[in-house]
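Structural overview for review
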Amino acid sequence: MADDSQPASALRFPFETPPDFGQSLEVAGGVHWLRMPLGGSLAAINVWALEDGDGWAIVDTGFGNAETIEVWRTALAGPLKGRPITRVFVTHLHPDHIGAAGWLTRTFECPLWISRLEFLMCRSLAADTGRTAPPDGLRFYREAGWSEEQLGSYRARFGGFGHMLHALPDSFTRLSDGQGLDIGGRAWRVVVGSGHSPEHACLACDELGLLISGDQVLPKITSNVSVFPTEPMADPLSDWLVSLARLKTLVADDHLVLPAHNTPFFGLHRRIDDIIAHHRDALAGLLDMLALPRRATDVFPALFGRTISGATMFMATGESVAHLNHLLGKGLAASACDADGVRWYRARTG
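Going along each chain's sequence as written, the residues are numbered from 1 onward. Predicted model: local features are reported for residues with pLDDT of at least 70 only, side-chain atom pairs are reported and counted for 80 or more only, and whole-chain, interface and lining totals are derived from all residues. Calculation of side-chain values draws on the structure's entire complement of heavy atoms; hydrogens and water are dropped beforehand.

Things to note about the sheet that holds strand 8 (residues 173-174)
Paired strands are those between which DSSP finds at least two bridges. Helix and strand definitions here come from DSSP, where helices need a minimum of 4 consecutive H or I residues and strands a minimum of 2 consecutive E residues; each element is numbered from the N-terminal end. Across the sheet, which stays open at both edges, the seven strands sit in the order 2-3-4-5-6-7-8 with mixed pairing between neighbours. Two strands lie at the open edges of the sheet, namely strand 2 (25-28) and strand 8, each paired on one side alone. Relative to strand 4 (residues 43-52), strand 3 (residues 31-39) runs antiparallel, the two sharing eight bridges. Its bridge partner being in strand 4, Arg35 is matched across the sheet by Asn46. Seen against the sheet, helix 1 (residues 66-77) touches strand 3, strand 4, strand 5 (55-59) and strand 6 (85-89) and runs at an angle of roughly 155° to strand 3. Working rule for contacts: check all heavy atoms of both residues, and any pair within 4.5 Å makes them a contact. Orientation is described by axes fitted as lines to C-alpha atoms, over the contacting stretch for helices, and by angles from 0 to 180 degrees between their N-to-C directions.

Given below as structure tokens:
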């Protein structure tokens, strides 16, 4: 995720102080804002409790670790008034969003609602837990320009996805693009995007003027758009840009956006325009850089405003390859591997 902070005048943030862990803040009628701890630079994920009859429908969950579950216990006994969870909605498969879904659904014997691709991909990644790093993955990161030391880090970290999840439910109720939902007597609709994840589900309520955006639109950072070893020639950036432009046509600009990170804001259309422009500028800078042959790890300066090292290498490499694949797909660049299995990219001329 790149820091893409906007001037204070560009967006409007109606809530100055977020709720403490274990507490909530009502942001609209029957819609409560809670936060779960993440640690690291993001610190927290926003989750949402929607009044749903005698209980609560939850949107996103935080990690599946003991710290997060303890915060849930505090919130359920406190601001959520001991009322049951009726269902758990998950925007997408990343562990900070789905990690505690298994605990919540089992504790309250309620269904998980999620898009099909997100559920199946999450199950697939969780199944890698305990496996050794596959040759395809080593080949992918070697092509990108990783050193043997960095490949060793990949070997050590591979298969860790499932450790961030409470055991997933064995069934789900599917969310589909355009689907209507009745939550607490109010009409909500599903708006699906892709690029950050395969089938990311946002939830919009026109009656309340709300969009629960997950990671599809964030106010101060741009969501990671990456290529992974499982689909090395994918072009998720095209999916991302199309999804953002489409979202602008489907959700009114006056909706209060409830994002997964940072704080709720007004200015949806301006923010979408800024995110698209951010990627267009990054692509232009990247193409200039490809006047000379470059590896994926060589082009970080065109995409990121900070030094890349350690665990951030994974996301930075995936995002670099996503931008490079986008240029390949547009016919603006070409690539080839050398004798050592390293892939070099160069701008096409003429």
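Some thoughts on the nonpolar core
Residues belong to one nonpolar core when they are buried, are Ala, Val, Leu, Ile, Met, Phe, Trp, Tyr or Cys, and are joined through side-chain atoms within 4.5 Å. Only protein chains enter the accessibility calculation, which uses a 1.4 Å probe. A residue is then buried if its area is under 20% of the maximum for its type, exposed if over 50%, and partly exposed in between. By size, the foremost hydrophobic cluster in this structure holds 52 residues, and its most contacted members are Trp146, Tyr154, Val217 and Leu290. Only helix 5 (135-144), helix 6 (148-157), strand 11 (200-205), helix 7 (236-250), helix 8 (268-289), helix 9 (300-303), helix 10 (312-329) and strand 16 (343-347) provide two or more residues apiece to this core. Membership of the second largest hydrophobic core comes to 33 residues, among which are Leu38, Ile69, Ile98 and Ala260.

Concerning the sheet that holds strand 14 (residues 256-259)
With mixed pairing, five strands are arranged side by side in an open sheet as 9-10-11-12-14. What marks the edges here is a single partner per strand, and that holds for strand 9 (180-183) and strand 14. Going from strand to strand, the sheet's axes swing by 30° on average, the running direction of each strand aside. Examined bridge by bridge, strand 11 and strand 12 (residues 210-214) share three bridges and lie antiparallel to one another. Paired with Cys205 across the two strands is Leu210, which belongs to strand 12.

Section: the packing of aromatic side chains
Given two aromatic rings, one states the distance between the centres and the angle between the planes to describe the pair. Each Phe, Tyr or Trp ring (for Trp, its six-membered ring) is paired with any other whose centre lies within 6.5 Å, and the angle between the two planes then decides the class: stacked below 30 degrees, edge-to-face above 60, tilted in between. Summed over all chains, the structure comprises 13 aromatic pairs. Note on Phe89 and Trp113: the rings are 5.3 Å apart at their centroids and 45° apart in plane angle, and the pair reads as tilted. With a gap of 24 residues between them, Phe89 in strand 6 and Trp113 in strand 7 (residues 112-114) connect regions that are remote in the sequence. Put simply, the rings of Phe140, Tyr141, Trp146, Tyr154, Phe158 and Phe314 pair up and form one aromatic cluster.

So, the pattern of salt bridges
Put simply, a salt bridge is a Lys or Arg side-chain nitrogen that is within 4 Å of an Asp or Glu carboxyl oxygen. Under the criterion given, the structure shown has twelve salt bridges. For Asp206, the salt bridge is made with Arg189, and the minimal N-O distance between the two is 3.1 Å. Pair noted here: Asp206 is in the loop between strand 11 and strand 12 and Arg189 is in strand 10 (residues 186-193), with a separation of 17 residues, a long-range link. Take Asp206: its relative accessible area is 44%, and that puts it in the partly exposed class. Note on Arg189: relative accessible area 22%, which makes it partly exposed.

Regarding helix 7
Here helix 7 is 15 residues long and its end C-alpha atoms lie 21 Å apart, about the 21 Å a rise of 1.5 Å per residue gives. Restricting attention to buried positions, one finds in helix 7 the residues Pro236, Leu237, Trp240, Leu241, Ser243, Leu244 and Leu247. For helix 7, the arc enclosing every buried residue in end-on projection is 160°, short of the 170-degree limit, so these residues lie on one face. Among the exposed residues of helix 7, those oriented more than 90 degrees off its buried face are Val242 and Thr249. Packed against the buried residues of helix 7 are strand 10, strand 12, helix 8 and helix 10. Each helix should span, by expectation, one fewer than its residue count multiplied by 1.5 Å. What the arc measures is the spread of directions leading from the helix axis to the C-beta atoms.

Quick word on the pairing of strand 16
Every second residue of strand 16 is oriented toward a common face, the buried set being Arg343, Tyr345 and Ala347 and the non-buried set Trp344 and Arg346. Note: strand 15 (residues 333-337) against strand 16, five bridges, orientation antiparallel. Its bridge partner being in strand 16, Ala334 is matched across the sheet by Arg346. Hairpin connection from strand 15 to strand 16: five residues lie between these consecutive antiparallel strands, with Gly341 at a positive phi of about 80°.

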